[in-house]
Amino acid sequence: TQLLEQSPQFLSIQEGENLTVYCNSSSVFSSLQWYRQEPGEGPVLLVTVVTGGEVKKLKRLTFQFGDARKDSSLHITAAQTGDTGLYLCAGAFVYGQNFVFGPGTRLSVLP
Amino acid sequence: KAGVTQTPRYLIKTRGQQVTLSCSPISGHRSVSWYQQTPGQGLQFLFEYFSETQRNKGNFPGRFSGRQFSNSRSEMNVSTLELGDSALYLCASTWENRLAGVPYEQYFGPGTRLTVT
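A brief look at the structure comes next. On a predicted model such as this, the values are computed, not experimentally measured, just so you know.

## Overview of the pattern of salt bridges
Pairing is possible between side chains that carry opposite charge, provided their charged atoms lie close to one another.
Residues and elements named next belong to chain B.
Line of reasoning, step 1. Inspection of the entire model under this criterion finds 7 salt bridges over all chains.
Line of reasoning, step 2. The partner of Asp85 in a salt bridge is Arg63, and the shortest N-O contact between them spans 2.8 Å. Here Arg63 lies in the loop between strand E6 (53-57) and strand E7 (64-68) and Asp85 lies in the loop between strand E8 (74-78) and strand E9 (87-94), a separation of 22 residues in the sequence.
Line of reasoning, step 3. By sharing partners, the salt bridges in this structure join Arg63, Glu82 and Asp85 into a single network.

This is the structure we're talking about:
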């Protein structure tokens, strides 16, 4: 049973388009992280969110943590080919405990 | 500062054999976690070591084991390999001593791609 679900599973868009990917759970998380993983490499941490309703921006990427701390979204504005990769969300139930990972959204940005 | 390094990057083994993978964390990081990543199951937590002690363990059979040395370098071992053990094995290191109330940041290595034939 996946504790974290991510949607969509796959996404293929043209360069310049906007997109949003989602991370959902029936459980409340103390904190949630987003990673991007490129082929042949390990995941790279993008952001950590801890407060319900929190919004963080990283250049063209906007991350939001749901008010109830059960879900999160990642919005990319004007996608670029360099955004291509596997986007993973990971949640921790209790501060200090290990994160559980979602299955990921595989994004392909076409030129 | 050098990142997390893992060796070897690629490995091919035969069913029934055993394998040892190595991970060198970022200098100063004392916690090392191991994950298995497969297309079907995604990224799954194997175990975590801190100061040479296993602090957390995932839901994997006893064929999967690990250890950490005094310099924080870590190894994981898989005995009696099965076809289903084919995966990308990732190591992640963390600096923070895991304090309650403090979300920690982990840095991943490039992984070891293990193929069991």
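## Quick word on the state of the cysteines
Residues and elements named next belong to chain A.
Line of reasoning, step 1. One pass over the full model with this rule turns up 2 disulfides over all chains.
Line of reasoning, step 2. Residue Cys23 pairs covalently with Cys89 via a disulfide, S to S 2.1 Å. Of note, the bridge from Cys23 to Cys89 carries an S-S torsion of about 75° and is right-handed in sense. Within this pair, whereas Cys23 is found in strand E3 (residues 19-24), its partner Cys89 is found in strand E9 (residues 85-92), the two being separated by 66 residues in sequence.

## Looking at the packing of aromatic side chains
Line of reasoning, step 1. For the coordinates displayed, the defined rule picks out 8 aromatic pairs over all chains.
Line of reasoning, step 2. Ring geometry for Tyr35 of chain A versus Phe108 of chain B: centroids 5.6 Å apart, planes at 85°, classification edge-to-face. One end of the pair, Tyr35 of chain A, is in strand E4 (residues 31-37); the other, Phe108 of chain B, is in strand E10 (residues 107-108), on a second chain.
Line of reasoning, step 3. According to the relative accessible area criterion, Tyr35 of chain A is buried, its value standing at 0%.
Line of reasoning, step 4. A connected cluster of aromatic rings, assembled from ring pairs, spans Tyr35 and Phe101 of chain A together with Tyr35, Phe45 and Phe108 of chain B.
Line of reasoning, step 5. The residue whose ring lies beneath Arg55 of chain B is Phe50 of chain B, and the NZ or CZ to ring-centre distance is 4.3 Å.

## Quick notes on unusual backbone geometry
Line of reasoning, step 1. Residue Ser7 of chain A is joined to Pro8 of chain A through a cis peptide bond whose omega torsion reads -10°.
Line of reasoning, step 2. Among the secondary structure elements, Pro8 of chain A is positioned in the loop between strand E1 (5-7) and strand E2 (10-14).
Line of reasoning, step 3. Look at the link from Thr7 of chain B to Pro8 of chain B: it is a cis peptide, with omega at -10°.
Line of reasoning, step 4. Tracing the backbone shows Pro8 of chain B in the loop between strand E1 (5-7) and strand E2 (10-13).
Line of reasoning, step 5. Its identity as a non-glycine residue notwithstanding, Lys59 of chain A has a phi of 55°, on the positive side.
Line of reasoning, step 6. Among the secondary structure elements, Lys59 of chain A is positioned in the loop between strand E6 (55-58) and strand E7 (61-65).

Here is what the cut-offs are and how they apply
- Residues numbered from 1 in each chain as written.
- Chains lettered and ligands numbered in written order.
- Predicted model: local features only at pLDDT ≥ 70, side-chain atom pairs only at ≥ 80, totals over all residues.
- Heavy atoms only, no water.
- Salt bridge = Lys/Arg side-chain N within 4 Å of Asp/Glu carboxyl O.
- Helix = DSSP H or I, 4+ residues; strand = E, 2+ residues; numbered from the N terminus.
- Disulfide = S-S within 2.5 Å.
- Phe/Tyr/Trp six-rings, centres within 6.5 Å; stacked < 30°, edge-to-face > 60°.
- Buried < 20%, exposed > 50% of the residue type's maximum accessible area, 1.4 Å probe, protein only.
- Lys NZ or Arg CZ within 6 Å of the ring centre and 35° of its normal.

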